[in-house]
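For reference, the chains in residue letters:
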Amino acid sequence: MARTCSKAPARLLVIMVLALLLSLQIAGVFDAARLGAPAREPALELELEPVVEAENVADNAVDAPDADSTAAAADADADAVAIAAAAAAAYARLPDLKQPLSAPPTPPYVDDASVSARCPMWKAYDPAIQAAKQFATNCRDVALTKEYKPVFSVSLCESESHCGQGYFVVTRKDLHSCKKAFDQVLSNNEQLDSFLKTRIGPDAFHMIFDGPERASPSMWHQISPCVYKLPYRLTNPGTYKLQLIHSHTDFAAVDEVTNKWPQVILKNILPDTFSLSVCPKCKPFTAKSLSLQQLPLCSRQLPNQGVYLKSTLETEREKYKFENYKKGYIWVPLGCRYDQLFELDTLSDCHATRNFSMLMYGDSHNRVLWDAVDVRLAGSKRHLGKNPKDGDRDAWFYQDRMTGLGHSGDGNLNGRDYVLRNSILDKKAHKVTSLNRTRIRHLWGNYLQKLVFDHGDWDDAKKVVALDKELAEFDVFEFDWGHWGSGPEKNNGHFTVERYLDHLELASDYLVQINTRRNRLGLEPLVVIWQGVNSIPLIKYEKHDWQVADQDWRNNYRFKVWSMFAERAMLRRGFRVINSFDITFPWIQETEDANHVHTLPALDAQVDELLHKLNICNYSD
């Protein structure tokens, strides 16, 4: 049962409205008359490099060493606010697909070489600022594989003031032949065509750092035709191996005009012997040492950054996750802490504080995340290990004074190989019990059908539609969408960026409309959480494989662009956001089924982010 309205304005409603107003105000599109109407993207500016002139102070403040740990904790909230504002500004740098082109000049960031190299700090940062940093005074050439010596030249530029920060510059040697690619039309949208040719470029890459942390930075961009900048920021000191994979060429990854499969190259540019030493004199971070720090609470609104730290097996969390995944890494949020992980059978009393329900709506990635949340709330240490595709899901969780946490449900995983304790109630009593409980449900919606065109009949007496009544059972609506839209055209895929954004805006605007009608049913607005778009592995399919034959468009450069536009649209509507692309990207090449992350640490990271944003325990922030 969803929460009912109180006489005083609900705190949740106030927070959502303020967040929406703030995001609109930052983007320069504040218009009170349109708060309940479908929102359109405002006129924005296309840029080669992010504008950082006014942000250098904030960047220096984030990177500067603290006087002591107490001062660091005191300044953490201010840093979080600065990062949030910088993130909002970064989304605003995306082009408006409905407006004419514009490209103002962009002054570069200059590294402060007068400061001796500082050890990495456990603080979040703005990727847009990081991508714009210039370390041109400290660059060196990098040896390439024999195959790629005649194709690219690569230089590594490292910060002289902040160790662990740098970028690779990859340059096509035959610029004449490369520039021929710019003669083609990539998108029928003039803004996007210019954006892809200016910011993305013909070649696509995938970096995988393996060492004291696992990382795949996605701050790549083109700085001039066929010259690419691949920034990184490594937080944990030590020695790293690096795969610098050349994945696509000739704009194949982002072409949305030609109906063909984007041919995958999948070759490492660097020799296997390449390694990178990061901050060798600095003390590494561990999950245990960070658990002892007084860190601020992670955001329940914005996507949180995180690091896959090398496991030291000093904590019970690390031990059971290593047994599950055999990967030796654990996700830890960067510069903040989660307060509701429900791991190791903790926080079961939160289920008794109130009736709380979440509907998860979307594709198979949404379903897999539901399965993992189900396992976590059930108090089990076991991971999924498989990806069953049977139907919708529905589960309830109680605090049981006699047996601890109870669980039961309809349509859950077939053939569960872990033991769940029985609830004190049988499942027929779920909807009539007076006991408080947490409920999670998953419904399939690979094109967000319910939000786009399946609203149901209008109830003239209550002034609501059937979907309003269906969602009246829930307090939270969590959703994703992307993979089907970029799949084969015969499955209604091959969405362009503009069509994808229009479809997503149509669905999310209807959620805004639903929230304006919830008071007619005596309910508070839904908390809406955007799950984001999972990454996809690079695979060299053969001609007979369906991905080639059916012209499957899914790839990470396309999904990165979709993810950026989607996050901006969701934050402007006051929704909470998870960046599933960046969470899954470091691990996606090791997926078991060429798609999902059910056997990888990335899934636990998504669960951590979602449970924190849910705030089942109803803690005051």
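Worth saying up front: this structure is predicted, and the values here are computed from it rather than measured. (Residues numbered from 1 in each chain as written. Predicted model: local features only at pLDDT ≥ 70, side-chain atom pairs only at ≥ 80, totals over all residues. Heavy atoms only, no water.)

### Quick word on the overall build of the protein chain
Reasoning step 1: A count of helices and strands for the protein chain gives 16 helices and 21 strands.
Reasoning step 2: Counting all 621 residues of the protein chain, 58% fall into the buried class.
Reasoning step 3: Intrachain contacts of the protein chain at a sequence separation of at least 6 include 77% that bridge at least 24 residues.
Reasoning step 4: Surface summary for the protein chain: the accessible area is close to 25,200 Å², and the carbon and sulfur share equals 54%. (Helix = DSSP H or I, 4+ residues; strand = E, 2+ residues; numbered from the N terminus. Buried < 20%, exposed > 50% of the residue type's maximum accessible area, 1.4 Å probe, protein only. Contact = heavy atoms within 4.5 Å. Areas by Shrake-Rupley, 256 points an atom, 1.4 Å probe, with all protein chains shown as cover.)

### Notes on the state of the cysteines
Reasoning step 1: Tallying each qualifying case throughout the model produces 6 disulfides.
Reasoning step 2: Note that Cys 139 is cross-linked by a disulfide to Cys 157, the S-S spacing being 2.0 Å. Because the sign of the S-S torsion sets the handedness, a value of about 110° for the bond joining Cys 139 and Cys 157 places this disulfide among the right-handed ones. Taken as a pair, Cys 139 in strand S1 (residues 139-142) and Cys 157 in strand S2 (residues 152-158) lie far apart in primary sequence, 18 residues in all.
Reasoning step 3: Residue classification places Cys 139 among the partly exposed residues on the basis of a relative accessible area of 38%. (Disulfide = S-S within 2.5 Å.)

### What to know about the packing of aromatic side chains
Reasoning step 1: Evaluated as defined, the whole model comprises 29 aromatic pairs.
Reasoning step 2: Here the aromatic rings of Tyr 447 and Trp 484 are separated by 6.3 Å at their centres, their planes lie at 70°, and the arrangement is edge-to-face. A residue pair is termed long-range when its members are at least 10 positions apart, and Tyr 447 in the loop between strand S16 (438-444) and helix H10 (449-452) and Trp 484 in the loop between strand S19 (476-479) and helix H12 (497-517) qualify at 37 residues.
Reasoning step 3: Since its relative accessible area comes to 11%, Tyr 447 is described here as buried.
Reasoning step 4: Owing to a relative accessible area of 31%, Trp 484 belongs among the partly exposed residues under this scheme.
Reasoning step 5: The structure contains a cluster of three or more aromatic residues connected by ring pairs, namely Trp 444, Tyr 447, Trp 481, Trp 484, Phe 495, Tyr 500, Phe 559 and Trp 562.
Reasoning step 6: Its end group placed over the ring of Tyr 167, Lys 229 keeps NZ or CZ at 4.5 Å from the ring centre.
Reasoning step 7: Positioned above the aromatic ring of Phe 495 is the side chain of Arg 499, whose terminal nitrogen or guanidinium carbon lies 3.6 Å from the ring centre. (Phe/Tyr/Trp six-rings, centres within 6.5 Å; stacked < 30°, edge-to-face > 60°. Lys NZ or Arg CZ within 6 Å of the ring centre and 35° of its normal.)

### Some details on the layout of surface pockets
Take a probe with the size of a water molecule and roll it over the atoms, and the empty space left behind shows itself.
Reasoning step 1: Considering only enclosed or pocket space, the second largest pocket measures out at about 410 Å³ in volume.
Reasoning step 2: Elements with a minimum of two residues in the lining of the second largest pocket: helix H9 (364-377) and helix H13 (546-549).
Reasoning step 3: A per-element tally of the lining of the second largest pocket places H9 first, with 3 residues.
Reasoning step 4: In terms of residue class, the lining of the second largest pocket is built from 7 nonpolar, 8 polar and 6 charged. (1 Å grid on protein atoms, 1.4 Å probe; cavity = no way out; pocket = protein on both sides within 12 Å on 5 of 7 lines; lining within 4 Å. Points joined across faces, edges and corners; volume = space filled by probe spheres on them. Nonpolar A, V, L, I, M, F, W, Y, C, P; charged D, E, K, R; others polar.)

### Re the sheet that holds S2
Reasoning step 1: With respect to topology, 5 strands assemble into an open sheet ordered S1-S2-S3-S7-S6, the strand pairing being antiparallel. Edge strands, defined here as strands with exactly one partner in the open sheet, are S1 and strand S6 (221-224). Ignoring which end each strand starts from, the neighbouring axes of this sheet average 30° apart.
Reasoning step 2: Sheet analysis places S2 next to strand S3 (residues 165-172), joined by 7 bridges and oriented antiparallel. Paired with Glu 158 across the bridge in S3 is Gly 166.
Reasoning step 3: Helix H6 (residues 190-200) rests against S6 and strand S7 (227-233) of the sheet, and its axis sits at about 80° to S6. (Pairing = 2+ DSSP bridges. Axes fitted to C-alpha atoms, helices over the stretch in contact; angles between N-to-C directions.)

### Details of the packing of H9 against helix H16 (residues 601-614)
A pair of packed helices can be characterised by two numbers: the angle between their axes and the separation between those axes.
Reasoning step 1: Packing of H9 against H16 leaves a shortest axis separation of 10 Å and a crossing angle of 75°. Considering their axes alone, H9 and H16 lie roughly perpendicular with respect to each other. The segment H9 lies against H16, with Val 368, Leu 369, Ala 372, Val 373, Arg 376 and Leu 377 engaging Leu 603, Asp 604, Gln 606, Val 607, Asp 608, Leu 610 and Leu 611.
Reasoning step 2: Partitioning the contact of H9 with H16 into residue classes produces 9 nonpolar, 1 polar and 3 charged. (Parallel < 35°, antiparallel > 145°, perpendicular 65-115°, else oblique.)

### Side note on the pairing of S2
A regular strand places its side chains on the two faces of the sheet in alternate fashion.
Reasoning step 1: In terms of burial, S2 is a largely internal element, 5 of the 7 residues being buried.
Reasoning step 2: Examined bridge by bridge, S1 and S2 share 4 bridges and lie antiparallel to one another. The partner of Val 142 across the bridge, within S2, is Val 154.
Reasoning step 3: Count of turn residues in the S2/S3 antiparallel hairpin: 6 residues, of which Gly 164 carries a positive phi of about 95°.

### Quick notes on empty space enclosed by the protein
Reasoning step 1: Throughout the structure, instances matching the rule amount to 11 cavities of 30 Å³ or more.
Reasoning step 2: The volume enclosed by the largest cavity comes to roughly 150 Å³.
Reasoning step 3: Looking at the largest cavity, it is lined by 15 residues, and the ones nearest its centre are Trp 261, Ile 536, Pro 537, Tyr 541 and Arg 554.
Reasoning step 4: For the lining of the largest cavity, the per-class residue count stands at 9 nonpolar, 4 polar and 2 charged.

### Looking at the environment of Cys 298
Reasoning step 1: The topology assignment puts Cys 298 in the loop between helix H7 (287-291) and strand S11 (306-310).
Reasoning step 2: Residues Cys 298 and Cys 336, 38 residues apart in the sequence, show an inter-C-alpha distance of 4.9 Å.
Reasoning step 3: Setting aside residues up to four positions removed in sequence, Cys 298 forms contacts with Asn 304, Pro 333, Cys 336, Arg 337, Tyr 338 and His 612.

### Re the side chain of Asn 366
Reasoning step 1: Within the fold, Asn 366 resides in helix H9.
Reasoning step 2: Relative accessible area serves as the criterion here: at 0%, Asn 366 is assigned to the buried category.
Reasoning step 3: Only 3.4 Å separates the side chain of Asn 366 from the backbone nitrogen of Tyr 361, close enough to count as a polar contact.
Reasoning step 4: Here Glu 478 takes part through its side chain, which lies 2.8 Å from a polar atom of the side chain of Asn 366. (Polar contact = N/O pair within 3.5 Å; in protein donor to acceptor, adjacent residues only side chain to side chain.)

### Points about unusual backbone geometry
Reasoning step 1: Here Leu 266, not a glycine, exhibits a phi torsion of approximately 55°, which is positive.
Reasoning step 2: Looking at where Leu 266 falls in the secondary structure, it is placed in the loop between strand S8 (238-248) and strand S9 (267-268).
Reasoning step 3: The exposure class assigned to Leu 266 is partly exposed, which follows from its relative accessible area of 30%.
Reasoning step 4: For Gln 551, which is not glycine, the phi dihedral falls at a positive 60°.
Reasoning step 5: Relative to the helices and strands, Gln 551 is located in the loop between H13 and helix H14 (556-572).

### Points about the side chain of Thr 438
Reasoning step 1: Note that Thr 438 resides in strand S16.
Reasoning step 2: Engagement of the side chain of Thr 438 in a polar contact is seen with the side chain of His 351, the distance being 2.7 Å.
Reasoning step 3: Beyond its immediate chain neighbours, meaning those up to four positions away, Thr 438 contacts His 351, Phe 356, Leu 377, Ala 395, Trp 396, Phe 397 and Ile 616.

### A few points about the pattern of salt bridges
Reasoning step 1: Taken as a whole, this structure holds 31 salt bridges when the rule is applied.
Reasoning step 2: Note that Glu 147 and Lys 267 form a salt bridge whose closest N and O atoms lie 2.6 Å from each other. Residue Glu 147 is found in the loop between S1 and S2, and its partner Lys 267 is found in strand S9; the two are separated by 120 residues along the sequence.
Reasoning step 3: The partly exposed category is assigned to Glu 147, whose relative accessible area is 46%. (Salt bridge = Lys/Arg side-chain N within 4 Å of Asp/Glu carboxyl O.)

Everything listed here is a matter of geometry and, on its own, says nothing about what the molecule does.
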